[in-house]
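# Structural overview
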Amino acid sequence: MDYGMIGKIEKSKFYAEERDRIEFESLRVTVRGDNDSVHWVAYDNGIWNCDCAFFGSRGVCSHTMAMERVLEGMVKIGEVAY
Ligand SMILES: [Zn+2]
């Protein structure tokens, strides 16, 4: 491996540990809930969305809150419309 690549790999380790360097602008994932139900969860500039019924009525749900925990420090927290 060349010297330049070794330096990039070392730098990537620091970046990965310093999560506040990373801010998600948008993402789309599926979250498998109980009963093997799969829900689409999206995040776009601080706004969460989920296709489950609970989110539809409350604007927040276990799926979006789970993703906030997974991405702690890299997404805005609690900016959902309750
Ligand atoms: Zn949901």
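For the structure, check the block above.
### With respect to the pairing of strand β2 (residues 38–44)
Note that strand β1 (residues 26–32) and β2 share 7 bridges and pair antiparallel. Pairing of V29 across the sheet is with V41, part of β2. Once β1 ends, the chain turns through 5 residues before running back antiparallel as β2, passing N35 with a positive phi of about 60°. Pairing between β2 and strand β3 (residues 47–50): 4 bridges, direction antiparallel. The partner of Y43 across the bridge, within β3, is W48. What sits between β2 and β3 in their antiparallel hairpin is a turn of 2 residues, with N45 showing a positive phi close to 50°.

### Regarding the nonpolar core
Counting 6 residues, the largest nonpolar core consists of V41, Y43, W48, C50, C61 and M67. Elements with a contribution of two residues or more to this core: β2 and β3. Residue contacts for Y43: discarding those within four places in its chain leaves F24, S26, L27, W48 and V75.

### Focus: the environment of V70
With respect to the helices and strands, V70 occurs in helix α3 (residues 62–70). Judged by local crowding, V70 falls into the exposed class, with 11 C-beta atoms found within 10 Å. When the C-alpha positions of V70 and R19 are compared, they lie 12 Å apart, and in sequence the two are 51 residues distant.

### Some details on unusual backbone geometry
Its identity is not glycine, yet D36 carries a phi of approximately 60°, on the positive side. By secondary structure assignment, the location of D36 is in the loop between β1 and β2. We note that N45 has phi near 50°; this positive angle belongs to a residue other than glycine. Its place among the elements puts N45 in the loop between β2 and β3. The exposed category is assigned to N45, around which 9 C-beta atoms lie within 10 Å.

Calculation rules
Residues numbered from 1 in each chain as written. Predicted model: local features only at pLDDT ≥ 70, side-chain atom pairs only at ≥ 80, totals over all residues. Pairing = 2+ DSSP bridges. Helix = DSSP H or I, 4+ residues; strand = E, 2+ residues; numbered from the N terminus. Core = buried A, V, L, I, M, F, W, Y, C linked by C-beta atoms within 7 Å. Buried ≥ 20, exposed ≤ 12 C-beta atoms within 10 Å, placed from the backbone. Contact = placed C-beta atoms within 7 Å.

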